[in-house]
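Residue-level listing of the chains:
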Amino acid sequence: MWLPAETFRQVIAAAPLVSIDLLVHDGAGRYLLGERINPPAQGWWFVPGGRVLKGESLDEAFRRVTQAELGQTLERADAEFLGVYEHFYSDSALDEQTPTHYVVLAYRSAMTDLPQAAPPDDQHRQVGWWPAERIRLATDVHPYTQAYFL
């Protein structure tokens, strides 16, 4: 269930959000990253992902997020669960004053049939495939994304 902006702002201010991050690799050691347009993490390269909505099972959320972020529906059962992470931001998707706390479920999945780079969208200025070593060393990849590759 999508919430009205003011209700969502209250939720962000009062509770952590649950999200799914996707470490999508091409089978050759490269991972899909996008340069974020929107806060939080605006301007940083980050793995694809998205929030779990109220009333949505994790399997449903995984299908929705993969379809929205990758243009293909993947099944959570086919992905490797990497663990639970926490992300803390001083801003939110709605304003610069409301800090955001995410509880993140991270999954790794292979997608060898994606094009060289997926097209940019309303959340990403550009997207591309990055070798894991480059992700670890890059100064423009968000530290939360880099933590997945340590």
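Above this text is the structure in question.
Residues numbered from 1 in each chain as written. Predicted model: local features only at pLDDT ≥ 70, side-chain atom pairs only at ≥ 80, totals over all residues. Heavy atoms only, no water.

(A) Spatial organisation of unusual backbone geometry. Cis geometry marks the peptide bond from Pro39 to Pro40, where omega comes out at -10 degrees. Take Pro40: it is sitting in the loop between β2 (30-36) and β3 (45-46). With a phi angle near 65 degrees, Ala41 is a residue other than glycine that sits in the positive phi range. Note that Ala41 resides in the loop between β2 and β3. (Helix = DSSP H or I, 4+ residues; strand = E, 2+ residues; numbered from the N terminus.)

(B) Highlighting the side chain of His87. Mapped onto the fold, His87 is located in strand β5 (residues 80-89). Judged by relative accessible area, His87 falls into the buried class, the value being 3%. A polar atom in the side chain of His87 sits 3.4 Å from the side chain of Tyr148. Leaving out residues up to four positions away in the same chain, His87 has contacts with Asp21, Phe46, Thr100, His101, Tyr102, Val104, Tyr144 and Tyr148. (Buried < 20%, exposed > 50% of the residue type's maximum accessible area, 1.4 Å probe, protein only. Polar contact = N/O pair within 3.5 Å; in protein donor to acceptor, adjacent residues only side chain to side chain. Contact = heavy atoms within 4.5 Å.)

(C) Layout of the side chain of His25. The topology assignment puts His25 in strand β1 (residues 17-25). Within the structure, His25 has its side chain in polar contact with the backbone nitrogen of Gly27 (distance 3.2 Å). Setting aside residues up to four positions removed in sequence, His25 forms contacts with Arg30, Tyr31, Arg108, Ser109, Ala110, Met111 and Trp129.

(D) Expanded view of the packing of aromatic side chains. For the coordinates displayed, the defined rule picks out seven aromatic pairs. Note on Phe62 and Tyr107: the rings are 5.3 Å apart at their centroids and 75 degrees apart in plane angle, and the pair reads as edge-to-face. Taken together, the residues span a long stretch of sequence, with Phe62 in helix α2 (residues 58-70) and Tyr107 in strand β6 (residues 100-110) at a distance of 45 residues. Here the two residues Phe62 and Tyr107 agree in accessibility, since each one is buried. When the centroid spacing of 5.2 Å and the interplanar angle of 55 degrees are considered together, the rings of Phe81 and Tyr107 count as tilted. Of the two residues, Phe81 sits in strand β5 while Tyr107 sits in strand β6, which places them 26 residues apart along the sequence. Judged by its relative accessible area of 5%, Tyr107 is buried. By way of ring pairs, the aromatic residues Phe62, Phe81 and Tyr107 are connected into one cluster. Positioned over the ring face of Trp130 is Arg134, at 3.7 Å from the centre of the ring. (Phe/Tyr/Trp six-rings, centres within 6.5 Å; stacked < 30°, edge-to-face > 60°. Lys NZ or Arg CZ within 6 Å of the ring centre and 35° of its normal.)

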